[in-house]
Amino acid sequence: MKHLHYFIPLLAVLVLATGCKKTKSAMDNTATPMEGAPVMIDDTTVQGLRVYYPQFSHIDLVCEKMPSKQDTNVIFCAEAAFTHELLDEFAHSNIDGDHVSGGKRYKGAKCHDNSGAFAWFSDTTWEFVHGEYSELLDSVAEAGGMGFGQAIIIYNDESIRPLWRDGVNQYRALCEKNGRLCIVDSRKKVEYEKFVEMLEAFAPRYALYMDMGAGWNHSWWRDSRGKVHEIHPIDKKSRYCTNWITFYK
């Protein structure tokens with residue numbers, strides 16, 4: 001009995017020490033936020049992809065100047081619609097496709113690659129569209145929301161074929177998965193067809209392409225401590241970027 005009393009406290013100490021070590025490890029992992037963080041990240045259960053789930057109150061399409069990292073209300077931002085030309089001065093007409101920013105509709109450049117759109121209605125609702133989206137933009141502007149055109153990859157659980165582009169890149173899509181909005185990146189450079197295959201395995205209900213490439217891929221998210229994490233670094237071509245989908249806490 002004397003030896004048993006000695007063993008039990010020692011075992012308790014070992015269990016507590018092990019528990020403390022696990023807690024510290026989780027707290028130190030700033031690359032994968034814990035539950036309740038401004039941006040939840042899944043880079044373990046989806047092969048080849050990294051998925052960002054912003055825990056947002058509202059969304060906007062910010063134009064002309066990228067949201068400031070000092071604005072602590074911004075939790076995620078990334079380039080959304082294509083930029084038509086490399087211009088030194090900003091113009092809404094240089095964004096591919098008509099779009100809505102801050103509840104106001106703007107005329108954009110014509111873009112044959114825009115096969116759909118995304119819009120957020122300034123409440124708790126959003127919509128993905130495949131095909132003509134002018135009426136959608138009128139509705140979202142009236143609601144005081146945001147919207148932009150892009151290339152639809154998956155619509156109502158079905159892939160849109162034929163594949164509209166090729167080439168090796170780190171690709172990105174705005175998706176709806178199980179009723180939640182998320183941004184999905186390929187973890188490394190892949191063929192576009194491979195990215196679509198990985199998206200199909202991820203199985204979102206909707207997936208809309210987002211502008212990428214050196215400069216255009218510069219984006220960032222904010223963790224629970226307020227620290228900003230760049231997803232891709234700024235590049236000399238980043239100065240030509242024109243618009244960003246922006247999530248606010």
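Each value, and the rule that gives it
Residues numbered from 1 in each chain as written. Predicted model: local features only at pLDDT ≥ 70, side-chain atom pairs only at ≥ 80, totals over all residues. Heavy atoms only, no water. Helix = DSSP H or I, 4+ residues; strand = E, 2+ residues; numbered from the N terminus. Contact = heavy atoms within 4.5 Å. Areas by Shrake-Rupley, 256 points an atom, 1.4 Å probe, with all protein chains shown as cover. Core = buried A, V, L, I, M, F, W, Y, C linked by side-chain atoms within 4.5 Å. Buried < 20%, exposed > 50% of the residue type's maximum accessible area, 1.4 Å probe, protein only. Salt bridge = Lys/Arg side-chain N within 4 Å of Asp/Glu carboxyl O. Arc of directions from axis to C-beta. Pairing = 2+ DSSP bridges. Lys, Arg positive; Asp, Glu negative; His and termini not counted. Polar contact = N/O pair within 3.5 Å; in protein donor to acceptor, adjacent residues only side chain to side chain.

K.L.:
Let's hear about the overall build of the protein: which residues, and what values?
P.N.:
When its secondary structure is counted, the protein shows 3 helices and 19 strands. Residue pairs in contact within the protein that sit at least 24 positions apart in sequence constitute 66% of those at least 6 positions apart. A total of about 13,200 Å² of accessible surface is found on the protein, and carbon and sulfur atoms cover 52% of it.

K.L.:
Any chance you could break down unusual backbone geometry for me, citing the residues and the numbers?
P.N.:
Here the amide bond leading from arginine 161 into proline 162 is cis, since omega sits at 0°, within 30 degrees of zero. Following the sequence through the fold, proline 162 ends up in the loop between β11 (158–159) and β12 (168–169). Not every positive phi belongs to a glycine, and glutamate 64 is a case in point at roughly 80°. Within the secondary structure, glutamate 64 sits in the loop between β3 (58–63) and β4 (74–79).

K.L.:
Which residues make up the nonpolar core, and what values do they have?
P.N.:
The nonpolar side chains of soluble globular proteins are, as a tendency, buried together. Grouped together as the largest cluster of nonpolar side chains are 28 residues, with contacts concentrated most on Phe76, Phe118, Phe148, Leu174, Ile245 and Phe247. When residues of this core are traced back to their parent elements, those giving at least two are β1 (39–42), β3, β4, β7 (116–120), β9 (146–150), β14 (180–186), β16 (206–209) and β19 (243–248). Excluding its chain neighbours within four sequence positions, the residues that come into contact with leucine 174 are Phe118, Phe128, Phe148, Cys182, Ile183, Tyr206, Ala207, Leu208, Met210, Ile245 and Phe247. By size, the runner-up hydrophobic cluster in this structure holds 26 residues, among which are Val46, Val184, Val196 and Ala207.

K.L.:
Let's hear about the pattern of salt bridges: which residues, and what values?
P.N.:
Applying the stated criterion across every chain, the model contains 8 salt bridges. With a shortest N-O distance of 3.6 Å, aspartate 43 and arginine 50 are connected by a salt bridge. Owing to a relative accessible area of 14%, aspartate 43 belongs among the buried residues under this scheme. The residue lysine 69 makes a salt bridge to glutamate 230 at a minimum N-O spacing of 2.5 Å. On the criterion of sequence distance, the pair formed by lysine 69 in the loop between β3 and β4 and glutamate 230 in strand β18 (residues 228–232) is long-range, its members being 161 residues apart. Take lysine 69: its relative accessible area is 28%, and that puts it in the partly exposed class. With a relative accessible area of 41%, glutamate 230 lands in the partly exposed category.

K.L.:
Describe in detail helix α2 (residues 134–142), supporting the description with residues and values.
P.N.:
An α-helix turns once every 3.6 residues. As a result, residues three or four positions apart point the same way. Along α2, the positions that sit buried rather than exposed are Leu136, Leu137, Val140 and Ala141. Viewed along the axis of α2, the buried residues span an arc of 130°, placing them on a single side of the element. Of the residues in α2, the exposed ones pointing more than 90 degrees away from the buried face are Glu135 and Glu142. Lining the buried residues of α2 we find β5 (99–101), β6 (104–106), β7, β8 (126–130) and β9. Glycine 144 lies just past α2 and shows a positive phi near 80°.

K.L.:
Outline the sheet that holds β11, supporting the account with residue identities and numerical values.
P.N.:
Across the sheet, 7 strands lie side by side as β1-β2-β14-β13-β16-β10-β11; this open sheet has antiparallel pairing. Each having just a single partner strand, β1 and β11 make up the two edges of the open sheet. Note: strand β13 (residues 172–177) against β14, 6 bridges, orientation antiparallel. Within β14, the position partnered with arginine 172 by the bridge is aspartate 185.

K.L.:
Describe the environment of serine 122, naming the residues involved and giving the relevant values.
P.N.:
Counting through the fold element by element, serine 122 comes out in the loop between β7 and β8. Its relative accessible area of 35% is what places serine 122 among the partly exposed residues. Along the sequence, serine 122 and glycine 102 sit 20 residues apart, while their C-alpha atoms lie 9.6 Å from each other. Beyond its immediate stretch of four places on either side in the chain, serine 122 contacts Ala143, Gly144 and Gly145.

K.L.:
Kindly report on the side chain of lysine 177, identifying the contributing residues and their values.
P.N.:
Topologically, lysine 177 is positioned in strand β13. Within the buried core, lysine 177 has no salt-bridge partner, and the shortest N-O distance to an opposite charge, that of aspartate 157, equals 8.0 Å. Within the local environment of lysine 177, its side chain forms a polar contact with the backbone oxygen of phenylalanine 202, the two atoms lying 2.6 Å apart. Polar side-chain contacts of lysine 177 include one of 3.4 Å to the backbone oxygen of alanine 203. The residues touching lysine 177, leaving out its near neighbours within four places in the chain, are Tyr53, Cys182, Phe202, Ala203 and Pro204.

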